[in-house]
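# Fold and contact review
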Amino acid sequence: MDPSIQKHFTVVDYVIFAVLLAASMGIGLYYALSGGRQRTTQEFLMADRSMRCLPVSLSLIASFQSAVAIIGVPAEIYTHGTQYWFIGCAYVLGLLIPAHVFIPVLYRLRLSSAYQYLELRFSKAVRICGTLTFIFQMVIYMGVCVYTPAFALNAVTGFELWGAVLATGLVCTVYTTMGGLKAVIWTDVFQTIVMFAGQLAVIVVGVHQTGGVSEVWRKVWEGNRISALDLNPDPTERHTFWTLAVGGVFLMLSLYGVNQAQVQRYLSARTEKEAVRSCYMVFPSLQLALALSCVMGLVMFARYCGEDPSDKLGTSSRDAMVIYFVMDMLQGLPGLPGLFVACLFSAALSTISSAFNSLATVTMEDLIKPHFPAMSEARATLLSKVLAMSYGLVCLAMAYLTHLMGDSVLQVALKIFGMVGGPILGLFCLGMFFPWANSVGAVTGLGTGLSVSFWIGIGSIISHSSGTKPLPPDCSSSFLSGNTTTVTQLSALSNVTLSFYSLSYMWYSAFNCFTVIVIGLIISFLTGPMKEQDVTPGTIYPLLGTLFGFLPARLKKKLCCVTPLGQTVFVIKVFHLEQHLHQPDKIFIAPFTISHKIITYVCKTNDILITLTCTLACW
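The rules behind these values
- Residues numbered from 1 in each chain as written.
- Predicted model: local features only at pLDDT ≥ 70, side-chain atom pairs only at ≥ 80, totals over all residues.
- Heavy atoms only, no water.
- Helix = DSSP H or I, 4+ residues; strand = E, 2+ residues; numbered from the N terminus.
- Buried < 20%, exposed > 50% of the residue type's maximum accessible area, 1.4 Å probe, protein only.
- Contact = heavy atoms within 4.5 Å.
- Areas by Shrake-Rupley, 256 points an atom, 1.4 Å probe, with all protein chains shown as cover.
- Axes fitted to C-alpha atoms, helices over the stretch in contact; angles between N-to-C directions.
- Parallel < 35°, antiparallel > 145°, perpendicular 65-115°, else oblique.
- Left-handed = near helix turned anticlockwise from the far one by under 90°.
- Nonpolar A, V, L, I, M, F, W, Y, C, P; charged D, E, K, R; others polar.
- Disulfide = S-S within 2.5 Å.
- Salt bridge = Lys/Arg side-chain N within 4 Å of Asp/Glu carboxyl O.
- Phe/Tyr/Trp six-rings, centres within 6.5 Å; stacked < 30°, edge-to-face > 60°.
- Arc of directions from axis to C-beta.
- Patch = residues over 30% accessible without salt bridge, like charges linked within 9 Å, V, L, I, M, F, W, Y side chains within 5 Å.
- Polar contact = N/O pair within 3.5 Å; in protein donor to acceptor, adjacent residues only side chain to side chain.
- pLDDT = per-residue confidence, 0-100.

When you go through the protein residue by residue, the secondary structure sums to 23 helices and four strands. Burial analysis of the protein (619 residues in total) assigns 58% to the buried set. Expressed as a percentage of contacts within the protein between residues at least 6 apart in sequence, the contacts between residues at least 24 apart total 83%. If you sum the accessible surface of the protein, you get close to 23,900 Å²; carbon and sulfur atoms cover 68% of it.

Set out below in structure tokens:
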């Protein structure tokens, strides 16, 4: 960029930025030296299942509100107007459904990894496929999260690009490795506060320097950045009400319903009620975060309408312009530029640390422990820490590849979640809502869903047909724009030949989810649907039983719509007990919990209560 307009940090800014990194490291060190000192996998990976709803809810926000959102959403609003704001409508169902469907099923099974559910419901092969897909998704996304703030900071301030990448990645790796999930959650709480403070500071100063609220409103209105409700049903339109409010629901479900980074936080809560309450508490905070990002984009437009700083920046990236705007507004106010950069890197740290911890959990629980059941607790904990550190190094490598992607960071991130998260969501929905789906159908459905999603996603990147041309940053733009529904668009819709490559990236999750479900059900029926008695109790949410409640009981039985949800009292006939209680035909009535096909239950023999474990295979 032009050195004459390059912005620079003061000593105070560097101090604030350093305090953020030091505080994050300090929290990790505290939890490494307090409590159980992360000596067990339950403490390191699951925070001893002792967290309350407030820190869990703030951690859920921080995991989603990454640097990608803090930079990407203002850039989207600046370039295309406020149509993206309608994604807030998707937050309602996107959080209610996980709270009342996914959390009850997963929490009552007492899992550590969400993908243990897939083995309980289907088979070990399905579990491994789900785990590998999640690992692939998060490794790519981590690269975007690390690279985004470093690139933007480098483009505007000249701050060393790979120095920022290394600082972010290494600090995050260290405190995640030392402090486990407790450190991750409590650093998320601290970083969420910093995020909100940084955005609010930029908005207040920006509005003041632009001439006040009325002047900002006048410019964004005349510049056509206040978008009307676009009800255009064309799925190839990049952003409309339907793509954001309906397609966004499936995106939210893939994030807050089945993504291990979020599920792990639900499972770390003390009780199921605390987990559900934390999901409810996320809603107002997410709406606030979205509003702050959108208002920031509007203030940025009001400040630069009539001029285009991209020539001076030496890049057309709107993501870099967000940092330029922040530094321009806050220049001369010592400490505030550092506060926003701390806000930006807080978002990056919170997301990446969540990814590290969740990746270590699924690798340990799904890929290693099943093959080494006799592994000691100390060795398992040490291996979990090594895994967290290893994923930190992989993250740095992925950051190097991220700059090859041409779209905005927001679009890249949501494409990743749609292309990979959508099929995973479909796999869980296939298991929870359709009792007759079998493991062959699940594997085939997931494979087909991933193949189709990459075909569409890579095709759209190559053809560059998924985006729209940015509106010029002019205060007097014509009112008719790509964000306005017109009769011409609606009448032309019938003549549009739907190209999969032109499908809006916001529909990726929904399209890929339904692909997995449809293919999975077809293959399940062709290969022999699963019978109700073969389905592990507690793994089915009785959705079909509720929807088809008007059917006769016998027909509902044939459709497997009556499998109950939750823990039940079962009559168990024990054929083998590891504790050498050789009473092969004794009947026990025992409440039990399930964890990766290991049943823990209480029985009474000789008037003594004994806790026993038994694999499903021995019944």
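Packed helix pairs are characterised by how far apart their axes lie and by the angle those axes make with each other. Taken N-terminus to C-terminus, the directions of helix α5 (residues 90-108) and helix α11 (residues 247-256) make an angle of 40°; their axes are 8 Å apart at the nearest point. The orientation of α5 with respect to α11, classified from their angle, is oblique. Our pair here, α5 against α11, has a crossing hand that is right-handed. When α5 is examined against α11, the residues A90, Y91, L93, G94, L95, I97, P98 and F102 are found in contact with a partner set consisting of G248, V249, M252, L253 and Y256. Residues that form the contact of α5 with α11 fall into these classes: 11 nonpolar, two polar and no charged.

Further remarks concern the state of the cysteines. Scanning the entire structure with this criterion turns up zero disulfides. Cysteine C429 shares no disulfide, and the gap to the nearest cysteine sulfur, in C513, comes to 4.4 Å.

Okay, unusual backbone geometry next. Non-glycine residue R110 carries a positive phi angle of around 55°. Residue class for R110 comes out partly exposed when judged on its relative accessible area of 32%. Positive phi is not limited to glycine here, since N224 has a value of about 60°. According to the relative accessible area criterion, N224 is buried, its value standing at 5%.

Once that is clear, we can look at the pattern of salt bridges. Scanning all chains against the criterion turns up nine salt bridges. For E272, the salt bridge identified is with R108, shortest N-O distance 2.8 Å. Of this pair, E272 sits in helix α13 (residues 272-304) while R108 sits in helix α5; the two residues are 164 residues apart in sequence, bridging distant segments of the chain. The closest approach of N and O atoms between E222 and R218, which form a salt bridge, is 3.0 Å. Of this pair, E222 and R218 both sit in helix α9 (residues 213-222), separated by four residues, roughly a single helical turn. Classification of E222 by relative accessible area gives partly exposed; the value is 38%. Take R218: its relative accessible area is 35%, and that puts it in the partly exposed class. One network of salt bridges, in which partners are shared, links E215, R218, K219 and E222.

Note that G223 resides in the loop between α9 and α10 (241-245). Of the residues examined, G223 reaches a relative accessible area of 0% and is grouped as buried.

As a further point, take the packing of α9 against α13. Running from N to C, α9 and α13 point in directions that differ by 85°, and their axes come no closer than 9 Å. Accordingly, the angle class assigned to the pair α9 and α13 is roughly perpendicular. Contacts between α9 and α13 involve V216, K219 and V220 from the former and L298, V299, F301 and A302 from the latter. Of the residues in the contact of α9 with α13, the class split is six nonpolar, no polar and one charged.

For the coordinates displayed, the defined rule picks out 15 aromatic pairs. Residues Y78 and F301 carry aromatic rings whose centres are separated by 6.1 Å and whose planes lie at 65° to one another, so their mutual orientation is edge-to-face. Highlighted residues: Y78 in helix α4 (residues 67-80) and F301 in helix α13, separated in sequence by 223 residues. Taking the relative accessible area as the measure of exposure, Y78 reaches 1% and is therefore buried. The exposure class assigned to F301 is buried, which follows from its relative accessible area of 0%. Ring geometry for F241 and W242: centres 5.2 Å apart, planes at 75°, overall edge-to-face. With relative accessibility at 36%, the residue W242 sits in the partly exposed group. Members of the aromatic cluster, each reached through a chain of ring pairs, are Y115, Y117, F134 and F428.

This part covers the environment of F134. In this structure, F134 sits in helix α7 (residues 124-157). Residue classification places F134 among the buried positions, given a relative accessible area of 0%. Distance in space between the C-alpha atoms of F134 and V258 is 10.0 Å, their sequence separation being 124 residues. Those residues in contact with F134, other than ones at most four positions away along the chain, are Y115, N259, Q260, A261, S358, L359, V362 and I424.

With that settled, consider α9. The set of residues buried in α9 consists of V216, K219 and V220. Down the axis, α9 shows its buried residues gathered within 95° of arc, on one side only. Two residues or fewer after α9 comes N224, characterised by a positive phi angle close to 60°.

Here the focus is α11. Within α11, 10 of the 10 residues are buried, which leaves it mostly tucked inside the rest of the structure. Every buried residue of α11 is listed here: G247, G248, V249, F250, L251, M252, L253, S254, L255 and Y256.

Residue placement: S268 occurs in the loop between α12 (260-267) and α13. By relative accessible area, which is 0% here, S268 ends up buried.

On the surface, a nonpolar cluster with roughly 330 Å² of combined accessible area is contributed by V92, L93, L96 and Y280. Relative to the assigned elements, L93 resides in helix α5.

The next thing to look at is the side chain of T133. Assignment of secondary structure puts T133 in helix α7. Here the side chain of T133 touches C129 through a polar contact of 2.7 Å, landing on its backbone oxygen. Among all residues touching T133, those that are not within four sequence positions of it are V420, I424, L446 and L450.

This paragraph deals with the confidence of the model for the protein. With 73% of its residues at a pLDDT of at least 70, the protein reaches an overall mean of 75. Within the protein, strand β1 (residues 569-573) has the poorest average pLDDT of any element, 35, and helix α21 (residues 508-527) the best, 93. Scored below 50 in pLDDT, residues 477-498 shows 34 contacts in the model against residues more than four places distant or in partner chains. Counting contacts from residues 567-619, a segment whose pLDDT is below 50, to residues more than four positions away or on other chains yields 105 contacts.

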